[in-house]
Amino acid sequence: ATCPAACLPPRTFHSYLPRSHRTYSCVHCRAHLARHEELISKSFQGSHGRAYLFNSVVNVGCGPAEQRLLLTGLHSVADIFCESCKTTLGWKYEQAFESSQKYKEGKFIIETSHMVKENGWD
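What this report covers is the structure whose coordinates are included nearby. (Residues numbered from 1 in each chain as written. Predicted model: local features only at pLDDT ≥ 70, side-chain atom pairs only at ≥ 80, totals over all residues. Heavy atoms only, no water.)

What follows deals with the packing of aromatic side chains. For the coordinates displayed, the defined rule picks out four aromatic pairs. Here Y24 and F54 contribute two aromatic rings whose centre-to-centre distance is 5.3 Å and whose plane-to-plane angle is 70°, an arrangement assigned as edge-to-face. In this pair, Y24 is assigned in strand β1 (residues 23-26) and F54 in strand β4 (residues 49-54), connecting sequence segments 30 residues apart. Considered together, Y24 and F54 belong to a single accessibility category, that of buried residues. Between W91 and Y93, the ring centres sit 6.2 Å apart and the planes meet at 85°, which makes this aromatic pair edge-to-face. Residue W91 shares its accessibility class with Y93, and that shared class is buried. Of the aromatic side chains, those joined through ring pairs into one cluster are Y24, Y52 and F54. (Phe/Tyr/Trp six-rings, centres within 6.5 Å; stacked < 30°, edge-to-face > 60°. Helix = DSSP H or I, 4+ residues; strand = E, 2+ residues; numbered from the N terminus. Buried < 20%, exposed > 50% of the residue type's maximum accessible area, 1.4 Å probe, protein only.)

Quick look at the pattern of salt bridges now. A complete count under the given rule lists six salt bridges for this structure. Linking E37 and R35 is a salt bridge whose minimum nitrogen-to-oxygen distance equals 3.5 Å. Overall, E37 belongs to the partly exposed group, its relative accessible area being 46%. E105 is paired through a salt bridge with K102; the nearest N and O atoms lie 3.3 Å apart. (Salt bridge = Lys/Arg side-chain N within 4 Å of Asp/Glu carboxyl O.)

A few words now on the nonpolar core. If you look at the biggest cluster of nonpolar residues, it comprises 15 residues, and the most contacted ones within it are F54, I110 and M115. Sorting the residues of this core by element identifies β1, β2 (32-35), β4, β6 (73-82) and β8 (108-111) as the ones contributing at least two each. If sequence neighbours within four positions are ignored, I110 has contacts with L33, A51, Y52, F54, V57, I80, L89 and M115. Grouped together as the second largest cluster of nonpolar side chains are seven residues, F44, A51, L53 and I109 included. (Core = buried A, V, L, I, M, F, W, Y, C linked by side-chain atoms within 4.5 Å. Contact = heavy atoms within 4.5 Å.)

Residues of β8 alternate between two faces, with F108 and I110 on one and I109 and E111 on the opposite face, all of them buried. Summarising the sheet, β4 and β8 pair through four bridges and their orientation is antiparallel. Among the inter-strand pairings, A51 is bridged to a residue of β8, identified as E111. As paired strands, strand β7 (residues 88-96) and β8 are joined by three bridges and run antiparallel to one another. Across the sheet, residue G90 finds its bridge partner in β8, namely I110. (Pairing = 2+ DSSP bridges.)

Laid out in structure tokens, this is it:
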């Protein structure tokens, strides 16, 4: 039997990315989300506007996977949210059904409206 979330101990950890790295953070609570080095592409479309594709992210929780018909075909995706403030940020590509889209599997989409750049961008 699985335990409902309410009876799990509260999370006390947070991942902090090194200050020396350019990072993307949650615009709502400033939790770190990704290093600039993990950015794959800026030319993606989220549910509500522009989005970036990342190789890996931190401080992000994942919902259940579901099949969605996206602009580039049928994919199995799971919504992702900020672990700190619970805002939905985008999704994780669990599976791509078109061979040309397989490179997205295991990668993350975060909408630009939910991110802020931090640490030495100029």
